[in-house]
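Observations on the model geometry
The primary structure of each chain is shown beneath.
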Amino acid sequence: MVWSLIVSRNFASVLLQQDNRLDQPGSGSLTYLYFEMEEAANASISEPLDLVKLALGERVFIKLRGDRTVSGVLHAYDAHMNLVLSQVEEAVHIVDVTEDGQAMPLRVDRRQMEMLFVRGDGVILISPQQQ
Amino acid sequence: MSAVESYVDQTVQVILYDGRVIVGKLKGFDVRTNLILADSVEREYSMDAGVEMIPLGLYMIKGDNVALVAEVDNEKDSTINYEELRAEPLPEIRH
Amino acid sequence: MLIFSFFKTLTDQVITVELKNDLSITGTLKSVDQFLNIRLDGISVENPERHPHMMAVKNCFIRGSVVRYVKMQARSVDTNLLEDATRRGELGGHLSPSDQCRGLKM
């Protein structure tokens, strides 16, 4: 099985290919990834969080538990997916229910924050955002 | 966790994961935020009546349930008329 | 470790901690530990009419696991330093020196 994923970045395009036949003992990973990168020929891409590493300094889109989404410039992360973001916009997606149980149209509450730490246990996904 | 050390023998207000509020004298703690509270009282907030004070006595609270521990300013606390205070109970901690 | 160190650099700064029960508490960061438990002094609650539960307290200890967000001023954060430290893999992880991706720096 071979799949590819193009990571859009201003100066780098990455081609990831997975080949399960190359699974190596002791590699600790079922996937084995190749890549090509114009400016970072030595960078290792071997695990999902390496995609997040490529997004450092870039705007990312994050989905959180509790019907929340956050967009912001990524400055730090760790293995728990704790994040530090700046120029953040948070959106909370709310469906109000009337007294007789009818769902109202979707309402979105938005907030801006200049610098924000997001605790990793709420993170569902992180995506490099195309602007 | 040593941040809780200074609360020992002080009156503390503990907020639990389920939103309950318990006030008592902190007698001990450990790294898992397990707490020992003496002379503890649950403060039950509601919109229909003042704050109900429910005596609980000596409690050991398992750390997993603890959301927040706050030091109570006894002087300020004594100036608050809890019998007249109405407030929604705190929501539980979600996700 | 990286995020723990990051919070230590914010000591004595005013931050706002938003809890997973929607309580927002602003105060001076006095200490943080490896669990990202937070000790705040001189606290105030965002909506004291709705949340009078914290009226009689001045300082508190917040369990790391109940934190949703921590809001802070942008000028109290060195973003370049943070990005470099993250790229260098100071994640308590398993990256070897050759994997440290210095080449990625713009």
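These numbers were taken from a predicted model, which means no experiment stands behind them.

**Brief notes about the overall build of chain C**
In terms of regular secondary structure, chain C is built from two helices and five strands. Along chain C, helices and strands appear, N-terminal first, in the series α-β-β-β-β-β-α. Here chain C, with 106 residues, has 40% of them falling under the buried criterion. Across chain C, contacts joining residues at least 24 apart in sequence account for 43% of those joining residues at least 6 apart.

**Thoughts on the overall build of chain B**
Scanning chain B for helices and strands turns up one helix and five strands. Secondary structure of chain B in N-to-C order comes out as β-β-β-β-β-α. The C-alpha radius of gyration of chain B comes to 13 Å, within 12% of the 12 Å expected for a compact globule of 95 residues. C-alpha atoms of chain B, sized along the principal axes, occupy 40 × 35 × 20 Å.

**Some thoughts on unusual backbone geometry**
For glutamine 87 of chain A, which is not glycine, the phi dihedral falls at a positive 45 degrees. Of the residues examined, glutamine 87 of chain A has 14 C-beta atoms within 10 Å and is grouped as partly exposed. Despite not being glycine, aspartate 39 of chain B shows a phi value in the positive range, around 50 degrees. Mapped onto the elements of the fold, aspartate 39 of chain B is located in strand 3 (residues 35–44). With 14 C-beta atoms packed within 10 Å, aspartate 39 of chain B lands in the partly exposed category.

**Side note on the pairing of strand 1 (residues 11–16) of chain B**
All names here are of chain B. The element strand 1 is extensively covered by neighbouring structure, given that five of its six residues are classed as buried. Here strand 1 pairs with strand 2 (residues 21–29) via five bridges, running antiparallel. Of the residues in strand 2, the one forming a bridge with valine 12 is glycine 24. Connecting the antiparallel pair strand 1 and strand 2 is a turn made up of four residues, with glycine 19 showing a positive phi of about 95 degrees. Relative to strand 5 (residues 66–72), strand 1 runs antiparallel, the two being bridged by five bridges. The residue of strand 5 that forms the bridge with isoleucine 15 is leucine 68.

**Looking at the nonpolar core**
Counting residues in hydrophobic clusters, the biggest one holds 66 residues, and the most contacted among them are Val14, Leu68 and Val69 of chain B together with Val17, Cys60 and Ile62 of chain C. Among all residues touching isoleucine 62 of chain C, those that are not within four sequence positions of it are Leu68 of chain B together with Val17, Asn37, Ile38, Leu40 and Val67 of chain C.

**Things to note about the interface of chain C and chain B**
Taken together, the contact between chain C and chain B spans 23 residues of the former and 28 residues of the latter. Looking at the side of chain C that touches chain B, its residues break down into 11 nonpolar, five polar and seven charged. Relative to strand 4 (residues 57–62) of chain C, strand 5 of chain B is paired through five bridges, and the arrangement is antiparallel. Among the inter-strand pairings, valine 72 of chain B is bridged to a residue of strand 4 of chain C, identified as valine 57 of chain C.

**Notes on the UniProt feature "domain: Sm" (unreviewed entry) in chain C**
Mapped onto this numbering, the UniProt entry annotates "domain: Sm" (unreviewed entry) at residues 2–76 of chain C. Helix makes up 11% of residues 2–76 of chain C and strand 47%, and the two end C-alpha atoms of the span are 16 Å apart.

**Remarks on helix 2 (residues 79–87) of chain C**
All names here are of chain C. What helix 2 keeps buried is the set Leu82, Glu83, Thr86 and Arg87. The arc that holds every buried residue of helix 2, seen down its axis, measures 130 degrees, which confines them to one face. Just downstream of helix 2 lies glycine 89, where phi reads positive at about 80 degrees.

**Focus on the pairing of strand 3 of chain B**
All names here are of chain B. Inspection of the sheet shows strand 2 paired to strand 3 by seven bridges, in the antiparallel sense. Bridging across to strand 3, isoleucine 22 finds its partner in glutamate 42. Direction of pairing for strand 3 relative to strand 4 (residues 52–61): antiparallel, over a ladder of eight bridges. Looking across to strand 4, one finds that isoleucine 36 is bridged to methionine 60.

**Here we look at the environment of leucine 74 of chain A**
All names here are of chain A. Turning to its location among the elements, leucine 74 is positioned in strand 5 (residues 68–77). C-beta crowding within 10 Å serves as the criterion here: with 26 such atoms nearby, leucine 74 is assigned to the buried category. Along the sequence, leucine 74 and glutamate 47 sit 27 residues apart, while their C-alpha atoms lie 18 Å from each other. Residues within four places of leucine 74 in sequence aside, it is in contact with Ala55, Leu56, Glu58, Val60, Leu83 and Leu85.

Procedures and definitions
- Residues numbered from 1 in each chain as written.
- Chains lettered and ligands numbered in written order.
- Predicted model: local features only at pLDDT ≥ 70, side-chain atom pairs only at ≥ 80, totals over all residues.
- Helix = DSSP H or I, 4+ residues; strand = E, 2+ residues; numbered from the N terminus.
- Buried ≥ 20, exposed ≤ 12 C-beta atoms within 10 Å, placed from the backbone.
- Contact = placed C-beta atoms within 7 Å.
- Rg over C-alpha atoms; globule rule 2.2 N^0.38 Å.
- Pairing = 2+ DSSP bridges.
- Core = buried A, V, L, I, M, F, W, Y, C linked by C-beta atoms within 7 Å.
- Nonpolar A, V, L, I, M, F, W, Y, C, P; charged D, E, K, R; others polar.
- UniProt positions renumbered as here; feature names shortened; annotations may be inferred.
- Arc of directions from axis to C-beta.

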